[in-house]
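# Chain and residue survey
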Amino acid sequence: MRRSSSTLTRLLGAVAGLALAVAGAVAVAAPAQAATLTQVTGFGSNPGNLAMYAYRPDGLPANSPAVVLLHGCTQNASGYFANSGWQKYADQWKFALIVAQQPSGNNANSCFNFFEAGDTTRGQGEALSIKQMVDHAKTNYGINGSRVYVSGLSAGGAMSAVMLATYPDVFAAGSIIAGIPYRCATSMVNAFSCMNPGADKTPAAWGDLVRGAYSGYTGPRPRVAIWHGTSDTTVTPLNGTESRDQWTNVRGVSQTPTSTSSLPGNTSLEVYGNDDVRLYRISGMGHGTPVDPGSAAEQCGTAGAYFLDTICSTYRDALFFGLNGGGTNPTPTPTATPTPTPTATPTTPPTCVTASNYAHVVAGRAYQSGGYAYANGSNQRMGLYNTFYTSALKQTGPNHWVVGC
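Residues numbered from 1 in each chain as written. Predicted model: local features only at pLDDT ≥ 70, side-chain atom pairs only at ≥ 80, totals over all residues. Heavy atoms only, no water.

## Considerations on the nonpolar core
Among the nonpolar cores identified, the biggest contains 43 residues, and Val68, Leu70, Ile130, Met163, Phe171 and Trp247 are the most heavily contacted of them. Among the elements that line this core, the one with the most residues is helix 4 (residues 125-141), at seven residues. Leaving out residues up to four positions away in the same chain, Leu70 has contacts with Ala100, Phe112, Ile130, Val150, Ser151, Gly152, Leu153, Gly156, Met159, Ser160 and Met163. Ala173, Cys312, Ala318 and Phe321 belong to the second-largest nonpolar core, a separate cluster that totals 41 residues. (Core = buried A, V, L, I, M, F, W, Y, C linked by side-chain atoms within 4.5 Å. Buried < 20%, exposed > 50% of the residue type's maximum accessible area, 1.4 Å probe, protein only. Helix = DSSP H or I, 4+ residues; strand = E, 2+ residues; numbered from the N terminus. Contact = heavy atoms within 4.5 Å.)

Put into structure tokens, the structure is as follows:
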């Protein structure tokens, strides 16, 4: 049975809902196919008393990926599904969506209880309920257990961090949108202080909180994408930087980016390690999920309150997760490149070169496959193959390049 809400929890639900409030329930846009978002019952013991919804595109093959979506305060499953743009890419690239819903009986404003220890601990509460939804999908939908991902906004973004920390054996990667680091908040009082002005810890201190979420775990840790508007006054942008510190430390990479690039919608992208962690900063954007309505390949979503017309974060996350027909870390075979025409420049290539991924491929330092660029020799993924995405490559041998200088 679901535990009774404490006085603090009810108070936080009433007040945090105003601080973290996002769009209210909206109608689901009619899908182009017969598939619909459907409620699922009996998916487990459900100690967190959450509702589960699932979307399976027509023609979903066996062994397909799945993405778990976690809405913000005052939102529900159908509203987040309809406006975030995930249905477009689920239909296009054939993966399932699992959308968790927080009832008002758990929290007055339907916020996931990211601040309650009983809901953010492995094997307990809401975290376990979400994990049981994934288990149900793997058993009943034939989902590939090695290709499960999670994404959430605001309170849902904080809960996305919870799932990545407590179940690294379940999620291969995740996306935290306008959220906070794992275990920054453990009560009503520091929930507000974590949101704004935020908490400043060392990367190691943040990383230890994640490592403590599953003591003794030695397996791979999820890759993480972090999104934050620079004008977010609800969840201060410091949280984006601190989340970066937390997950780079967990992944064992430097807090200095290996590449930076400029994207549409006044967005800057910093990549850490070998695409271990991404930090997207959207200049001038407030609190919400970045969307970019339109029919182009890189456009998605519906603009509205807390669905902000800037850039389609869903498209970028789907690529980061490897959902466009490939795995999270594809290792394609390089295609043959023509022998460069000799020039009067020295034949010895430079030790370190910083250029766009497109320029690296043209120069023969890298190759492209499936929309991504890969360093020759090491086959390390450098990010999207275009003129906007910049990487630094260092030569360590004949036609052998590694990411970072």
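Now that the structure is up, let's keep going.
## Observations concerning unusual backbone geometry
Cis peptide bonds are those with omega within 30 degrees of zero, and the linkage from Asn196 to Pro197 qualifies with 20 degrees. In this structure, Ser154 takes a positive phi of about 60 degrees despite not being glycine. Here Ser154 shows up in the loop between strand 5 (148-153) and helix 5 (155-166). You can call Ser154 buried: its relative accessible area is 2%. One non-glycine residue, Tyr306, adopts positive backbone phi at about 65 degrees. Examined against the element boundaries, Tyr306 turns out to sit in the loop between strand 11 (289-291) and strand 12 (307-309). Looking at Tyr306, the relative accessible area reads 30%, which means it is partly exposed.

## A look at the confidence of the model for the protein chain
Detailed reading of predicted coordinates is not advised where the pLDDT is low. Of the residues in the protein chain, 81% reach a pLDDT of 70 or more, and the chain-wide mean stands at 85. Segment residues 1-33: pLDDT under 50, and 81 contacts once partners within four positions in sequence are set aside and those in other chains are kept. Confidence drops under a pLDDT of 50 for residues 326-349, and excluding neighbours within four residues, the segment shows 21 contacts in the predicted structure. (pLDDT = per-residue confidence, 0-100.)

## Considering helix 4
For helix 4, which comprises 17 residues, the first-to-last C-alpha distance of 24 Å matches the rise-based estimate of 24 Å (1.5 Å per residue) to within 8%. Most of helix 4 sits out of view: 12 of its 17 residues are buried. Residues Gly125, Glu126, Ala127, Leu128, Ser129, Ile130, Gln132, Met133, Val134, His136, Ala137 and Tyr141 constitute the buried set of helix 4. In this structure, the buried residues of helix 4 make contact with strand 1 (38-40), strand 2 (51-55), strand 3 (66-70), strand 4 (96-101), strand 5 and helix 5. (Expected span 1.5 Å × (residues − 1).)

## Side note on the packing of helix 4 against helix 5
Two numbers describe how helix 4 lies on helix 5: the axes approach to 10 Å, and their chain directions differ by 75 degrees. Our classification of the angle between helix 4 and helix 5 gives roughly perpendicular. For the pair formed by helix 4 and helix 5, the contact residues are Glu126, Ala127, Ile130 and Lys131 on the first element and Met159, Val162, Met163 and Thr166 on the second. In the contact of helix 4 with helix 5, the residues fall into five nonpolar, one polar and two charged. (Axes fitted to C-alpha atoms, helices over the stretch in contact; angles between N-to-C directions. Parallel < 35°, antiparallel > 145°, perpendicular 65-115°, else oblique. Nonpolar A, V, L, I, M, F, W, Y, C, P; charged D, E, K, R; others polar.)

## What about the state of the cysteines?
By the definition in use, this model includes three disulfides. Cys73 shares a disulfide with Cys111; S-S distance 2.1 Å. Its S-S torsion of about 125 degrees marks the bond between Cys73 and Cys111 as right-handed, since a negative value means left-handed. Placement of the pair is Cys73 in the loop between strand 3 and helix 2 (77-84) and Cys111 in the loop between strand 4 and helix 4, with a sequence separation of 38 residues. Take Cys73 and Cys111: they sit in the same class, and that class is buried. Disulfide pairing places Cys300 opposite Cys312 at an S-S distance of 2.0 Å. Disulfide Cys300-Cys312: the torsion about the S-S bond is 100 degrees, which places it as right-handed. One end of the pair, Cys300, is in the loop between strand 11 and strand 12; the other, Cys312, is in the loop between strand 12 and helix 9 (313-320), with 12 residues separating them in the sequence. As far as the burial class goes, Cys300 and Cys312 line up, both buried. (Disulfide = S-S within 2.5 Å.)

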